[in-house]
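# Report on the structure
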Amino acid sequence: IQSMNYLEEHKKIFGCDKPIIGCLHLLPLPGTPYYNEETTIEKNIERLKHDAAILMENGVDAVVFANEGDRPYLTSVGPEVIAVYVRVVTEVLPMIHVPYGCGCLIDPIATLAIAKAIGAKFIRTYVTNSYEGTFGHQEFCPAEVFRYRHQIDADDVHVYTYFDAHAGVCLDTRPIEAQISSGLAALPISGILVGGPRAGLPPETSAFANVKKAFPEIPLILGSGANKDNIADLMPYCDGLIVGTTTKRDQYLYNEMDPERAKEFIAAAKAARK
């Protein structure tokens, strides 16, 4: 992977230069704090189909399945989460006619296992570094993550990873550019994700632009915070974006998708990349 042309491979994965990747959020899964007995598997499937239909109708380039509803985040989820996640997504996949990926909280091992089970082309996750913050201590061992990917015959699952903390601080105090440079030399990743301080918030435009300037040949995906008002400013610096919060009813991450909000954002994003 390290000898590949990153941007060419990125374009092969998504079929375009700057993919608009819509989030498909599952409802809270069994065993998690916001789950209740009314959140049946059938209701989870119904909600995901509702959101998927909106994204397909409005022409997103890809989708990524996610379970942010299982907050607070874990770095190691239980088998019940993985099992129900795969069951729900499998019911929705016949509706999906674009490349798709997945993420399972901040658990890269579960994320890879799910990707293998559902045939995902890419994952959004963490694979390296240590963090402290809202979700406690998080520590990732890339040697274990990528050995596991190889062991389950999932080397064709492309890894897009964050180097910055989500709702916390990174214990590696080097500038993010130094961390990325070191990571690219040692980790078989396919691209970089940069987000804001937490879900729904964008990174500072200048900081985002600096990462792209430092690594022009590496795919850089905007991981959070895109909306119809800022996408024209951010699009020149990214090689794709993941969108969730701004497409939801009342711009609340855990609500169902709002057809008009989704339509407006996708149109604005497509206009910005022309």
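Reference entry: report on the structure contained in this document. All of these numbers come straight from a predicted model, not from anything done at the bench.

## Observations regarding the overall build of the protein
Helix and strand counts for the protein stand at nine helices and 11 strands. Rg of the C-alpha trace for the protein: 17 Å, near the compact-globule value of 19 Å for 274 residues, within the 12% margin. Overall, the C-alpha framework of the protein stretches about 45 × 40 × 35 Å when taken along its three principal axes. Across the 274 residues in the protein, those meeting the buried criterion constitute 55%. Counting only contacts in the protein whose residues sit at least 6 apart along the sequence, the fraction spanning at least 24 positions is 72%. Accessible surface computed for the protein: about 11,800 Å², of which carbon and sulfur atoms make up 52%.

## Considerations on the nonpolar core
With 86 residues, the main nonpolar core has Val63, Phe65, Ile96, Ile118 and Leu241 as its most contacted residues. A per-element tally of this core places helix α3 (residues 79–92) first, with seven residues.

## Considering the environment of Leu222
Following the sequence through the fold, Leu222 ends up in strand β10 (residues 220–222). For Leu222, a relative accessible area of 0% corresponds to the buried category. Distance from Leu222 to Cys238, taken between C-alpha atoms, is 6.3 Å for residues 16 residues apart in sequence. Look past the residues within four positions of Leu222 in its chain and what remains in contact with it is Val194, Pro203, Phe208, Leu234, Cys238, Gly240, Leu241 and Ile242.

Rules and cut-offs
- Residues numbered from 1 in each chain as written.
- Predicted model: local features only at pLDDT ≥ 70, side-chain atom pairs only at ≥ 80, totals over all residues.
- Heavy atoms only, no water.
- Helix = DSSP H or I, 4+ residues; strand = E, 2+ residues; numbered from the N terminus.
- Rg over C-alpha atoms; globule rule 2.2 N^0.38 Å.
- Buried < 20%, exposed > 50% of the residue type's maximum accessible area, 1.4 Å probe, protein only.
- Contact = heavy atoms within 4.5 Å.
- Areas by Shrake-Rupley, 256 points an atom, 1.4 Å probe, with all protein chains shown as cover.
- Core = buried A, V, L, I, M, F, W, Y, C linked by side-chain atoms within 4.5 Å.

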